[in-house]
Amino acid sequence: MSFNKNNPNPMGKIMGYLKQLSTEMGGSDQGRRVQNDEERLYRTRGPKYARVPSRPTLSASTTCTSLATSCGSQGTLSPNYATIPEIVSTESSSEDEPDSLENTRRHFQQLRQISLGNEFKYKMEMEIQSAKEDNLRNSVPYVKQLSTENNKTKADYTINGDGPTFGAAPQALYLWTQVFAAIAVSMGSLIVGFTSGYTSPALPSMNATLAITNEESSWVGGLMPLAALIGGIVGGPLIEYLGRKKTIIGIAIPFFLGWMLIATAFNVFMVLAGRAFCGICVGIGSLAFPVYLGETLQPEVRGALGLLPTALGNTGILLAFFFGTYLNWSHLAYLGAALPVPFFLLMLAAPETPRWYFTKGRAEDARKALQWLRGRNTNIDKELTALALSQEDSNRSGGNALGLIFSRKYMRSVLIALGLMLFQQLSGINAVIFYASTIFKMAGSTLDENVCSIIIGVVNFVSTFIATAIIDRLGRKMLLYISSVSMIITLVTLGAYFYVRAVGIDLSAYGWLPLACLVIYVLGFSIGFGPIPWLMLGEILPSKIRGTAASLATGFNWTCTFIVTKTFHNIIVVIKMYGTFWLFAALCIVGLFFVIFFVPETRGKSLEEIEKKLTGSRRIRINSSKQTQNAC
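Rules of the game
Residues numbered from 1 in each chain as written. Predicted model: local features only at pLDDT ≥ 70, side-chain atom pairs only at ≥ 80, totals over all residues. Heavy atoms only, no water. UniProt positions renumbered as here; feature names shortened; annotations may be inferred. Phe/Tyr/Trp six-rings, centres within 6.5 Å; stacked < 30°, edge-to-face > 60°. Helix = DSSP H or I, 4+ residues; strand = E, 2+ residues; numbered from the N terminus. Buried < 20%, exposed > 50% of the residue type's maximum accessible area, 1.4 Å probe, protein only. Axes fitted to C-alpha atoms, helices over the stretch in contact; angles between N-to-C directions. Parallel < 35°, antiparallel > 145°, perpendicular 65-115°, else oblique. Left-handed = near helix turned anticlockwise from the far one by under 90°. Nonpolar A, V, L, I, M, F, W, Y, C, P; charged D, E, K, R; others polar. Core = buried A, V, L, I, M, F, W, Y, C linked by side-chain atoms within 4.5 Å. Contact = heavy atoms within 4.5 Å. Expected span 1.5 Å × (residues − 1). Arc of directions from axis to C-beta. Patch = residues over 30% accessible without salt bridge, like charges linked within 9 Å, V, L, I, M, F, W, Y side chains within 5 Å. Areas by Shrake-Rupley, 256 points an atom, 1.4 Å probe, with all protein chains shown as cover. Salt bridge = Lys/Arg side-chain N within 4 Å of Asp/Glu carboxyl O.

The protein has the name Major facilitator superfamily (MFS) profile domain-containing protein in an unreviewed UniProt entry, where Pieris brassicae is given as its organism. Of the protein, the UniProt comment under Subcellular location (unreviewed entry) reads exactly: "Cell membrane". Quoted verbatim from the Sequence similarities (unreviewed entry) field of UniProt, the annotation for the protein is "Belongs to the major facilitator superfamily. Sugar transporter (TC 2.A.1.1) family. Trehalose transporter subfamily."

This is how it looks when you write it as structure tokens:
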């Protein structure tokens, strides 16, 4: 039977009218259900989710294009239905049309496709919205970790619950091991400072007991820098062949013997022998301490803890001055002999540097030492791999360390180290400190020269701790800038003061000016050019030549110290006091330009990064298998 309104059969005609009425009001039950679902979606979700109406007048081709655009553009496959040609009407114009039922079936298929398309699009949009929320929720912990300061402890987070853990930075939790190593090494610097400051309070009582001449007194004070020059030369091969730790421990014994020779001396030759022993240890320690700390400390704390030897060295000077007011030269020497004992015991507990173990092919010992320094539960694989690759690159260069020092590859690093040592001494600091009392007398200061010397010593002591607190915030170069500018201004002012006084102008009302200038001068030197050249000695020298180059730089430093100190009086005779200060100021200006154009900033950089920048070595890449798997 043909269901058509033109069918002469009454039942067929009734069914035809019912079919037409059903089509105009929404089609089949499925179509009405689709329309109701769309209206419900419009009410609950808004017009955003009701873009494709489920009306029978909408063509199938238009519907499929709309669905493909809205769903397919999101990167997800849309339902794959066959394209249905557009149907203008479902009514038949003739009762004899044989495919009337087929047209009706096609129309119902259209409505079903539209219904499924709307449902699919709604699900797709909800899934996309849910995915966006999940991605944002899972990305928050990682963003928080990136924005949190390194020295704060952060909780562990995972990406999507199954990725690699982004743990807290280990520095704050395991910092005590690195602090212990820095304190152990710095105890040796305390002995160095005590040795340097010993002669000033000890010589008066020594002259009364041993009846030594002025020439012998000058040798008691001047023998130590000369012996330190020898120690600086032999120290480089020692730290390369014996190791950093063994060399540092080894100087405790000569220190003890030297002080015992001085304490029990019954003639000046025993005193000179003891000073020679101590001077050699001073030269070895002055190059071994920064190398050890540079290879054991992490970049985040290398600046602050790397200045600890300088701070304790100044403490040793004050210790000698303080106890020298109450003890004679012999008892003061016994105190010096006691200082190497805790130094020796602390260094026994400290590890050897991992980098030296790698130079000797002892990878397992390097792992144990690095694990001790970074903490038992810290993952050290990345740092250990970087050390191994750096050593492999160093071994590939080949050659003897002594012959490589002035090769083109390492020339820049060596010249920067030598330049910093040169301008440290050409600033005139040792001449100013050693002859501070003489300067105050020549300036006609109204203040007591001994009190002024004590004030300068205290400023030198305090300023190093200031540098320790700010070096990792401002950086090495910024402190060198501040140091250079402050020394230039104060030296020019001192030179002008002496020049005006030399022409006969009364400056008694400005008797405080020399002390103020020298205090600012010492403060500027002690936060920059004083400690930083020694700190950078352990940072900028490549591992292949570190020991030999450090030996060269240390010997060069002590040579400059001896020359500047010895020729200070001769320079004053030739160009007067004001000319001497202006000469030092001019040299400080040259040193400032040297820092600006040649000295790199090393704050926060690993030794491998610094070496690559200065030598142009290949980039070190670390791709662990786990990272590769995660990437895949």
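Q: Can you break down the packing of aromatic side chains residue by residue, with the values?
A: In this structure the tally under the stated criterion is 17 aromatic pairs. With a centroid separation of 6.3 Å and 10° between ring planes, the pair formed by Phe593 and Phe597 is classed as stacked. One end of the pair, Phe593, and the other, Phe597, are both in helix H26 (residues 546–598), four residues apart, so they sit about a helical turn from each other. With relative accessibility at 61%, the residue Phe597 sits in the exposed group.

Q: Run through the packing of helix H23 (residues 476–502) against H26, naming residues and quoting values.
A: At a minimum axis separation of 8 Å, H23 and H26 run at an interaxial angle of 160°. By the criterion of interaxial angle, the relationship of H23 to H26 is roughly antiparallel. Note that H23 runs across H26; the crossing there is left-handed. Looking at the contact of H23 with H26, its residues break down into 23 nonpolar, two polar and one charged.

Q: Help me get a handle on the nonpolar core, residues and values and all.
A: Across soluble globular proteins, nonpolar side chains show a tendency to be buried alongside one another. Counting 124 residues, the largest nonpolar core has Tyr198, Phe255 and Trp259 as its most contacted members. At 15 residues, H26 tops the list of elements feeding residues into this core. Those residues in contact with Phe255 that lie beyond four places of it in its chain are Ile191, Val192, Thr195, Cys278, Cys281, Val282 and Pro340. Listed in part, the nine residues of the second largest apolar core include Trp356, Tyr357, Ile380 and Leu387.

Q: Residues and numbers for helix H25 (residues 532–540), please.
A: Of all nine residues in H25, nine are buried, a share of seventy percent or more. Among the residues making up H25, those that are buried are Ile532, Pro533, Trp534, Leu535, Met536, Leu537, Gly538, Glu539 and Ile540.

Q: Kindly report on unusual backbone geometry, identifying the contributing residues and their values.
A: Positive phi is not limited to glycine here, since Lys576 has a value of about 70°. The residue Lys576 is located in helix H26 in this model.

Q: A description of the environment of Lys576 should follow, citing residues and the corresponding values.
A: The class for Lys576 is partly exposed, based on a relative accessible area of 46%. In this structure the C-alpha to C-alpha distance between Lys576 and Tyr499, which are 77 residues apart in sequence, comes to 8.9 Å.

Q: Which residues make up helix H9 (residues 252–263), and what values go with them?
A: In an α-helix there are 3.6 residues to a turn, and that puts residues three or four apart on one side. For H9, which comprises twelve residues, the first-to-last C-alpha distance of 16 Å matches the rise-based estimate of 16 Å (1.5 Å per residue) to within 8%. All buried positions along H9 are accounted for by Ala252, Phe255, Gly258, Trp259, Ile262 and Ala263. Buried residues of H9, viewed axially, fall in a sector of 135°; they line one side. Those residues of H9 that are buried lie in contact with helix H5 (175–197), helix H8 (244–250), helix H10 (268–296), helix H13 (329–338) and helix H14 (340–349).

Q: Mind laying out a nonpolar patch on the surface, listing which residues take part and the relevant values?
A: Together, Ile230, Ile233, Val234, Leu238, Leu242 and Ile280 make up an exposed nonpolar region whose accessible area comes to about 470 Å². Considering every element that reaches the nonpolar patch, the biggest residue donor is helix H7 (residues 214–241), with four residues. On the secondary structure map, Ile280 appears in helix H10. Given a relative accessible area of 31%, Ile280 falls into the partly exposed group.

Q: Describe the environment of Gly530, and please don't skip the residues or the numbers.
A: Locating Gly530 in the fold gives a position in the loop between helix H24 (513–527) and H25. Measuring from C-alpha to C-alpha, the distance between Gly530 and Leu307 comes to 10.0 Å, with 223 residues separating the pair along the chain. Discounting residues that sit within four places of it in the chain, Gly530 has contacts with Gln424 and Phe525.

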